[in-house]
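# Close look at the chain arrangement
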Amino acid sequence: MHEDVYRDMFDVEDRHWWYSGKQRIVRNLLARYLAPRANGEKQRVADLGCGCGIMLWHLSKDYEVRGVDGSPQAIEFCKQRGVTVAHGQLPGPIGLPEKEFDAVLLLDVIEHLEQDKESVKSAAELLKPGGIMIITVPAYQWLWSKWDTHHHHYRRYNRSMLKAAMDHPSLKLELISYYNTWLFPLAATARIAGNVLSKDAKVGPIKVPMAPVNATFREIFASERALIGRVPLPFGLSLVAVARRI
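As a starting point, this report considers the structure included with it. Because the structure is predicted, anything quoted here is derived from the model rather than measured.

Thresholds, definitions, all that
- Residues numbered from 1 in each chain as written.
- Predicted model: local features only at pLDDT ≥ 70, side-chain atom pairs only at ≥ 80, totals over all residues.
- Heavy atoms only, no water.
- Helix = DSSP H or I, 4+ residues; strand = E, 2+ residues; numbered from the N terminus.
- Rg over C-alpha atoms; globule rule 2.2 N^0.38 Å.
- Buried < 20%, exposed > 50% of the residue type's maximum accessible area, 1.4 Å probe, protein only.
- Contact = heavy atoms within 4.5 Å.
- Areas by Shrake-Rupley, 256 points an atom, 1.4 Å probe, with all protein chains shown as cover.
- Lys, Arg positive; Asp, Glu negative; His and termini not counted.
- Charge placed at Lys NZ, Arg CZ, Asp CG, Glu CD.
- Axes fitted to C-alpha atoms, helices over the stretch in contact; angles between N-to-C directions.
- Parallel < 35°, antiparallel > 145°, perpendicular 65-115°, else oblique.
- Left-handed = near helix turned anticlockwise from the far one by under 90°.
- Nonpolar A, V, L, I, M, F, W, Y, C, P; charged D, E, K, R; others polar.
- Salt bridge = Lys/Arg side-chain N within 4 Å of Asp/Glu carboxyl O.
- Polar contact = N/O pair within 3.5 Å; in protein donor to acceptor, adjacent residues only side chain to side chain.

### Describing the overall build of the chain
Along the chain, the regular secondary structure elements total nine helices and seven strands. Rg of the C-alpha trace for the chain: 17 Å, near the compact-globule value of 18 Å for 246 residues, within the 12% margin. Taken over the C-alpha atoms alone, the chain extends approximately 55 × 40 × 35 Å along its principal axes. The proportion of buried residues among the 246 residues of the chain is 50%. Across the chain, every contact between residues at least 6 apart in sequence was considered, and the portion connecting residues at least 24 apart equals 77%. Counting every atom, the chain has about 11500 Å² of accessible surface; 56% of that belongs to carbon and sulfur. Looking at charge distribution, the chain has the averaged site of its 32 positive side-chain charges lying 5 Å from that of its 27 negative ones.

Next up, the structure:
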């Protein structure tokens with residue numbers, strides 16, 4: 001990604017409704033699909049492509065966490081947040097031990113990777129038998145915009161594309177769903193309008209909406225955590241999948 005993207009992320013990801021809502025959804029999925037250890041020890045979670053480290057910071061209260069990113073700038077922002085992150089790449093070398101982790105996160109990562117299926121395979125090697133992988137990706141190629149270009153995306157996904165990327169003998173798919181559904185009509189309209197009206201405009205910094213709007217969007221988005229995997233969500237701005245190492 002462009003260097004300015006990391007600065008934008010670091011500045012807003014502890015406040016912006018999209019980041020904070022996604023954090024609550026991922027924490028809910030971890031709690032739902034990852035059974036606690038009988039001895040009470042913290043489970044080990046690896047966040048690959050962890051960006052500026054906000055998810056690691058939140059998870060470190062309940063899990064033993066390790067982060068990996070390929071950007072020296074992202075790693076430096078993680079340090080400022082008090083999170084230690086190693087340099088690594090996907091599909092490799094990742095730089096973490098194989099079969100050591102209870103959960104591996106690839107949160108809005110594989111759309112940045114030309115070799116998405118190979119990267120999922122490499123990430124799966126880090127999991128213990130019975131461990132889980134959580135993947136999130138942006139949905140629908142027809143929503144492609146200058147934002148995707150600026151973030152160095154290779155693609156946006158539909159369900160079949162994400163299933164294909166996760167199709168590996170060591171992984172059993174337990175959940176795949178669209179999400180960010182309630183806000184989809186508003187966000188999709190804004191994205192299409194932006195493509196039509198500002199074709200030559202540069203991508204600006206990420207802006208946090210006014211506090212009441214931001215709080216409302218955050219609660220609407222985060223409320224989907226109780227529905228994902230339990231109630232069909234037939235469309236959304238993003239996709240989420242959970243697979244288990246067998």
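Now that the structure is up, let's keep going.
### Digging into the packing of helix H2 (residues 17-33) against helix H9 (residues 211-222)
Following both chains from N to C, one finds H2 and H9 inclined at 30°, their axes separated by 8 Å at the closest point. Classified by the angle between their axes, H2 and H9 sit roughly parallel to one another. Remark: the crossing between H2 and H9 carries right-handed chirality. Seen from H2, the contacting residues are Trp17, Trp18, Ser20, Gly21, Lys22, Arg24 and Ile25; seen from H9, they are Asn214, Phe217, Arg218, Glu219, Phe221 and Ala222. Residue composition of the contact of H2 with H9, by class: six nonpolar, three polar and four charged.

### Remarks on unusual backbone geometry
Cis geometry marks the peptide bond from Leu90 to Pro91; its omega dihedral reads 10°. Residue placement: Pro91 occurs in the loop between strand S3 (85-87) and strand S4 (101-107). With an omega of 5°, the peptide bond running from Gly92 to Pro93 counts as cis. Summarising the element assignment, Pro93 is placed in the loop between S3 and S4. A positive phi is found at Lys99, a non-glycine position, where the angle reads about 55°.

### Notes on helix H5 (residues 116-124)
Every buried residue of H5 is listed here: Asp116, Ser119, Val120, Ser122, Ala123 and Ala124. Considering only its buried residues, H5 is in contact with strand S1 (44-48), S4, strand S5 (127-138), helix H7 (159-165), strand S6 (171-179) and strand S7 (238-245).

### A short note on the side chain of Arg245
As for its position among the elements, Arg245 is in strand S7. Glu125 provides the closest opposite charge to the buried, unpaired Arg245, separated from it by 4.2 Å. Looking at Arg245, its side chain comes within polar contact range of the main-chain oxygen of Ala124, at 2.7 Å. Filtering out sequence-adjacent residues up to four positions away, Arg245 remains in contact with Lys99, Ala124, Glu125, Leu127, Lys128, Pro129, Gly130, Gly131, Ser170 and Leu171.

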